[in-house]
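# Survey of secondary and tertiary structure
The lines below spell out each chain.
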Amino acid sequence: MHKLRRHALVTALSAITVATLLATGCATESPTTTGRAAATTAETPGPGAAGEQLAVVSAPTDGAAPTAVADADADARGEAEKSALKVASYDRKSGRAVIAAPPSRPDAEPSATPSRSDTPGTSTPDASDTPPDSGTGSDSDSDAVKPEAAVAVGDVIASAPAPGAPDGVLAEVTEIVDTAADGGTTVETEPATLDAVLGEREAKGTVPVDPSTLEVDPLVQGVKVSWAKTGDLTFGPEGAKLPLGSLRIDVGAAVETAPGAPASAAASVEGFVQLAPEVAFSYDGSGSGTGSSPGGAFLGLTGDWASQWSLKGRAAGSTDGKPIRIPFAELHADPVIQAGPVPIVVNLDLVCYFEVTADGRVTVDVEQDLKGDFKVGGNFTWSKGWQGVSESHMTGEPLKTTVTAVGDVKAAMGAEATVGLYGTVGVTADVAPYLRAEADATAEGSADGTGSASGSWALYGGIDLTGTLNIQLSIFGTPIFQTKIPLGALHEEWLLTKGEAKT
């Protein structure tokens, strides 16, 4: 009986011990689980953190191209962070890229997962969980030597211009192709959208384009370029001091003269255009966290405009009802702006031109000085979708006015601008300030052979602003529209001066 009681007691104690060990085992893991849950909760934006406002500024130019990566495993999906990874090469056509990890310091301790050890949602097995080496697995040795990929499938990379990617990179990793001993990871990618790196955050700002970064290609002889920026002031060809941040292009060109016009009426245009372009960008990520499109977005070009130009002589009539357009300079720049940690590559192209519409009868010597500002772009809201924005506030004054004979002539000195992101075309706009002269005459006579003639003339200034929004604006993550959307034509005209003559 004593033995039976003792056996029962031992059995009961063993059961209690097993239960205690099981409970202890669970308790030893629960602090880690609780801590991970707490960290996840702390990292996940709550209602108050959603809609974090990001500053929009020019990206630094004194270093390597900035990069941001949105981790596919992160809790805050779509919110990229600054990364030390770099795009070593990129083939836009195939989507293949090589992502380089930063070199390790000589004194740094080796790590099994140097690039993704701190990535939420991934874990590295503890040494105690790793089975001992049996000494017979050559495959395990080769796996241990193979470096870990710098990125993972689903990661989204935003990069400033890089080798093979002059327009920058905004792409999602779809496949890990290979890893190299030097830390480079070859991947397949597909184009991504901005909501994949900006998430539910907000960004808004206007960033000046450094005029010294604009590449200017003269299209006619005699084009002269001047620019001024902070700390490096350049003067215009005629000694004029430019405002900081401005680009000035001076040009003079002959225009086709009307048939039969005397040599003294040879037609020509001459003048300059001066502008201080700025890129306007905004993004409202409210709603993108639920899988829908961002709440709002804007991309456009704005800035100050000044021009002074003259038209002399008797210009030929328009050809087939179309005005005579003379492009005189092409400009290109790829400024990089940053919305918080995310580099956004803006592609800006400008074509400056003269355009003359005439009936071939009137001879003029007119000149106008024009100043003001403009804003063109595309604006997206959930309630209205994509809409064009075209605004201008300009005023002009006549510097010289001579109008001879009867007829009409119009001369514009404008710029056709194209603005896009990461190599896509988003907004195309044509800003065309103009000068228009018209003259008419009336004559009357009597039976005695006497008569009189009178005439009047007027000089007008004005601006025409037209353009389109393109399907590539869907790069914001907004719905794709099937056709181009007109900006909405803006036409304004004002009287500069007028006169009358009577004989």
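Owing to the predicted nature of the structure, the values given are computational and were not obtained by experimental measurement. (Residues numbered from 1 in each chain as written. Predicted model: local features only at pLDDT ≥ 70, side-chain atom pairs only at ≥ 80, totals over all residues. Heavy atoms only, no water.)

## Some thoughts on the overall build of the protein chain
Along the protein chain, the regular secondary structure elements total three helices and 25 strands. By residue count, 42% of the 503 residues in the protein chain fall in the buried class. At a minimum sequence separation of 6, the contacts of the protein chain that also span at least 24 residues come to 72%. Of the roughly 25800 Å² that the protein chain leaves accessible, carbon and sulfur atoms contribute 54%. (Helix = DSSP H or I, 4+ residues; strand = E, 2+ residues; numbered from the N terminus. Buried < 20%, exposed > 50% of the residue type's maximum accessible area, 1.4 Å probe, protein only. Contact = heavy atoms within 4.5 Å. Areas by Shrake-Rupley, 256 points an atom, 1.4 Å probe, with all protein chains shown as cover.)

## Section: the pattern of salt bridges
Scanning all chains against the criterion turns up seven salt bridges. Residues Arg-248 and Asp-250 are paired through a salt bridge, measuring 2.7 Å at the closest nitrogen-oxygen approach. Residue class for Arg-248 comes out buried when judged on its relative accessible area of 4%. The closest approach of N and O atoms between Arg-436 and Glu-438, which form a salt bridge, is 2.9 Å. Overlapping salt bridges bring together Arg-325, Glu-355 and Asp-430 as one network. (Salt bridge = Lys/Arg side-chain N within 4 Å of Asp/Glu carboxyl O.)

## Structural notes on the sheet that holds strand β6 (residues 156–159)
Working definition: the strands of a sheet are paired by backbone hydrogen bonds and lie parallel or antiparallel to each other. Read from one edge of the open sheet, seven strands run β3-β2-β6-β7-β8-β5-β4, paired in antiparallel fashion. Of all strands in the sheet, those bounded by a partner on one side alone are β3 (81–82) and β4 (86–90). Looking at chain direction, strand β7 (residues 169–179) and strand β8 (residues 184–191) are connected through seven bridges and run antiparallel. Note that in β8 the partner of Glu-172 across the bridge is Glu-190. (Pairing = 2+ DSSP bridges.)

## Some remarks on the environment of Leu-350
With respect to the helices and strands, Leu-350 occurs in strand β18 (residues 342–358). For the pair Leu-350 and Val-419, spaced 69 residues apart in the sequence, the C-alpha separation amounts to 9.0 Å.

## Points about unusual backbone geometry
For residues besides glycine, phi is generally negative; the peptide bonds are generally trans as well. Notably, Tyr-422 is not glycine yet its phi reads approximately 50 degrees, a positive angle. A relative accessible area of 4% means that Tyr-422 is categorised as buried.

## Looking at the pairing of β4
By the bridge criterion, four bridges tie β4 to strand β5 (residues 96–100) in an arrangement that is antiparallel. Bridge assignment links Ser-89 to a residue of β5, and that residue is Val-98. Counted along the chain from β4 to the antiparallel partner β5, the turn is five residues long, and its residue Gly-95 has a positive phi close to 85 degrees.

## Some thoughts on the nonpolar core
Residues Leu-194, Val-197, Phe-281, Phe-328, Leu-421 and Phe-476 are the most contacted members of the largest nonpolar core, which totals 94 residues. Residue contributions to this core peak at 10 residues, all from β18. Non-local contacts of Leu-421, meaning those with residues more than four positions away in its chain, are made with Leu-194, Phe-281, Leu-299, Ile-344, Val-345, Val-346, Asn-347, Ile-475 and Phe-476. Core analysis: the second largest hydrophobic core is formed by 15 residues, Val-87, Ile-99, Val-169 and Val-173 among them. (Core = buried A, V, L, I, M, F, W, Y, C linked by side-chain atoms within 4.5 Å.)

## Considering the confidence of the model for the protein chain
Confidence in the prediction of the protein chain, expressed as mean pLDDT, is 76, and 71% of residues score 70 or more. Here helix α1 (residues 2–43) stands out as the element of the protein chain with the lowest mean pLDDT, 38, in contrast to β6, whose mean of 95 is the highest. For residues 1–50, every residue scores under 50 in pLDDT, and the model assigns this stretch eight contacts once sequence neighbours within four places are set aside. Here residues 231–239 is a poorly scored stretch, pLDDT under 50, and it has 18 contacts once near neighbours within four places are set aside; other chains count. (pLDDT = per-residue confidence, 0-100.)

## Description of the packing of aromatic side chains
Any two aromatic rings considered together are summarised by their centre-to-centre distance and by the angle between their planes. This model, assessed by the stated rule, comprises six aromatic pairs. For the ring pair Trp-305 and Phe-374, a centre distance of 6.2 Å and an interplane angle of 85 degrees mean the geometry is edge-to-face. One end of the pair, Trp-305, is in strand β15 (residues 296–313); the other, Phe-374, is in strand β19 (residues 363–381), and 69 residues separate them in sequence. Residues Trp-305 and Phe-374 agree in their burial class; the two are buried. Measuring from centroid to centroid gives 5.5 Å for Phe-380 and Trp-386, while their planes differ by 45 degrees, and the two rings are tilted. Each member of the pair, Phe-380 as well as Trp-386, is classed as buried. Three or more aromatic residues joined by ring pairs form one cluster here, namely Phe-281, Phe-380, Trp-382, Trp-386 and Phe-476. The lysine or arginine in question, Arg-248, covers the ring of Phe-272, its NZ or CZ lying 3.8 Å from the ring centre. Residue placement shows Arg-325 over the ring face of Tyr-353; its charged tip is 3.7 Å from the ring centre. (Phe/Tyr/Trp six-rings, centres within 6.5 Å; stacked < 30°, edge-to-face > 60°. Lys NZ or Arg CZ within 6 Å of the ring centre and 35° of its normal.)

## Things to note about the side chain of Ser-282
Secondary-structure assignment places Ser-282 in strand β14 (residues 268–284). Judged by relative accessible area, Ser-282 falls into the buried class, the value being 15%. In this view, Ser-282 contacts Ala-203, Lys-204, Ala-297, Phe-298 and Phe-476; residues no more than four positions away in its chain are not counted.

## Structural notes on the pairing of strand β9 (residues 202–208)
Of the two faces of β9, only the one carrying Ala-203, Gly-205 and Val-207 is buried; Glu-202, Lys-204, Thr-206 and Pro-208 on the other face are not. One ladder, built from three bridges, connects strand β1 (residues 53–58) with β9; its direction is parallel. Of the residues in β9, the one forming a bridge with Ala-55 is Lys-204. Two elements, β9 and β14, share seven bridges in a ladder whose sense is antiparallel.

## Notes on the environment of Ser-89
Position of Ser-89 among the secondary structure elements: in strand β4. Sequence separation between Ser-89 and Pro-163 is 74 residues; the distance between their C-alpha atoms is 5.1 Å. In contact with Ser-89, not counting residues within four places along its chain, are Arg-96, Ala-97, Val-98 and Pro-163.

## Brief notes about the environment of Lys-400
Secondary-structure assignment places Lys-400 in strand β20 (residues 385–404). Classification of Lys-400 as partly exposed rests on a relative accessible area of 32%. Those residues in contact with Lys-400, other than ones at most four positions away along the chain, are Lys-312, Asp-365, Val-366, Glu-367 and Leu-459.

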